[in-house]
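Spelled out from the first residue to the last, the chains are:
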Amino acid sequence: MKRVLTIQDISCLGKCSLTIALPIISALGAETVILPTAVLSTHTMFHNFTCKDLSDQIAPITDHWKSEGITFDAIYTGYLGTIEQIDQIKELFRNFREQNTLIIVDPVMADNGKLYPAFNMAYVKKNAELCAAADIIVPNITEAALMTGMEYKEEYDESYIKELLSRLNELGADISVLTGVSLEKGKTGVMGYERETGEYYVYQNRRIDAAYHGTGDLFSSTCVGEIMRGKNWRDAMRIAADYTAHTIEVTLQNPRKPWYGVDFEATIPDLLNLH
Ligand code: PXL
């Protein structure tokens, strides 16, 4: 069985980060090891959330794993906390990267043209460094624009997305994938670029007019799980985009849907049939 380490916060309530990564990657059949970077009462879209930083636990936990000879097939990072913590995670990459360890970085820090409340431009710069150490990166357009210094646009064409991908590629990862890319009216999806082949990959499915928290985490976790199942990155992105869209649709049909996240629990069985 493949073993994935995922490093992100645990928002006790909120259907995001670890409370999505753990069930999704496990459901897709990989052992999912977690390294919580902070414990929050909820995600940061709630008011008055509590937050306990766990940076001081990273070294003792990972030292213990090293002494046990633990290795990982993939390391996947999502929402992190501080600049210092990203430095610690870069070191963790150096310590745990084996020949075949796949490193996937989702530089979670912004959406819809805006940084999340806890972050600033110094944090953006640090995330760009983390992306440089990854094999695959999956930022949204806002995160990509911030990291590359390009203007964030709501209205754009394919040439803007290609320029963003070209600048992301310069950060250093082998495969750069932009999420939330809408190239046709009524559609949305992903566009990726692979350095080795110089090839682009575009996948567009239906756009659902609803924005939910945690959908980026759902997409990234599904990609990681699918790649661990042996899918190539293009198929993994396509399945993840379809699964995310399906989950948003199912959530919209729930009259008692929570405002803060999607009903992925209801769609996990469908994910297993998307192959
Ligand atoms: O889904 C991204 C995410 C993860 N973790 C925390 C967040 C957010 C988005 O707002 O606040 C704590």
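Residues numbered from 1 in each chain as written. Predicted model: local features only at pLDDT ≥ 70, side-chain atom pairs only at ≥ 80, totals over all residues. Heavy atoms only, no water.

1. Quick word on the sheet that holds strand β3 (residues 51-53)
Strand order in this open sheet of nine strands is β3-β2-β1-β4-β5-β8-β9-β10-β11, and the pairing throughout is mixed. The strands lining the two open edges of the sheet, one partner per strand, are β3 and β11 (199-206). Taken together, the two bridges between strand β5 (residues 102-105) and strand β8 (residues 136-137) define a ladder with parallel strand orientation. Paired with valine 105 across the bridge in β8 is isoleucine 137. Set on the sheet, helix α3 (residues 83-96) makes contact with β1 (3-13), β2 (31-42), β3, β4 (74-77) and β5; between it and β4 the angle comes to about 170°. (Pairing = 2+ DSSP bridges. Helix = DSSP H or I, 4+ residues; strand = E, 2+ residues; numbered from the N terminus. Contact = heavy atoms within 4.5 Å. Axes fitted to C-alpha atoms, helices over the stretch in contact; angles between N-to-C directions.)

2. Overview of the side chain of threonine 179
Turning to its location among the elements, threonine 179 is positioned in strand β9 (residues 175-181). Note on threonine 179: relative accessible area 15%, which makes it buried. Leaving out residues up to four positions away in the same chain, threonine 179 has contacts with Val138, Pro139, Asn140, Ile141, Gly189, Val190 and Phe219. (Buried < 20%, exposed > 50% of the residue type's maximum accessible area, 1.4 Å probe, protein only.)

3. Section: the site of the ligand
For the ligand, the set of nearby residues contains 14 residues, the closest of which are Asp9, Ser11, Thr44, Tyr79 and Asp217. One of the side-chain N or O atoms of aspartate 9 is found 2.8 Å from a nitrogen atom in the ligand. Against a free-state accessible area of 320 Å², the protein chains account for coverage of 98% of the ligand. A per-class count over the shell around the ligand returns six nonpolar, six polar and two charged. (Near = heavy atom within 4 Å. Polar contact = N/O pair within 3.5 Å; in protein donor to acceptor, adjacent residues only side chain to side chain. Areas by Shrake-Rupley, 256 points an atom, 1.4 Å probe, with all protein chains shown as cover. Nonpolar A, V, L, I, M, F, W, Y, C, P; charged D, E, K, R; others polar.)

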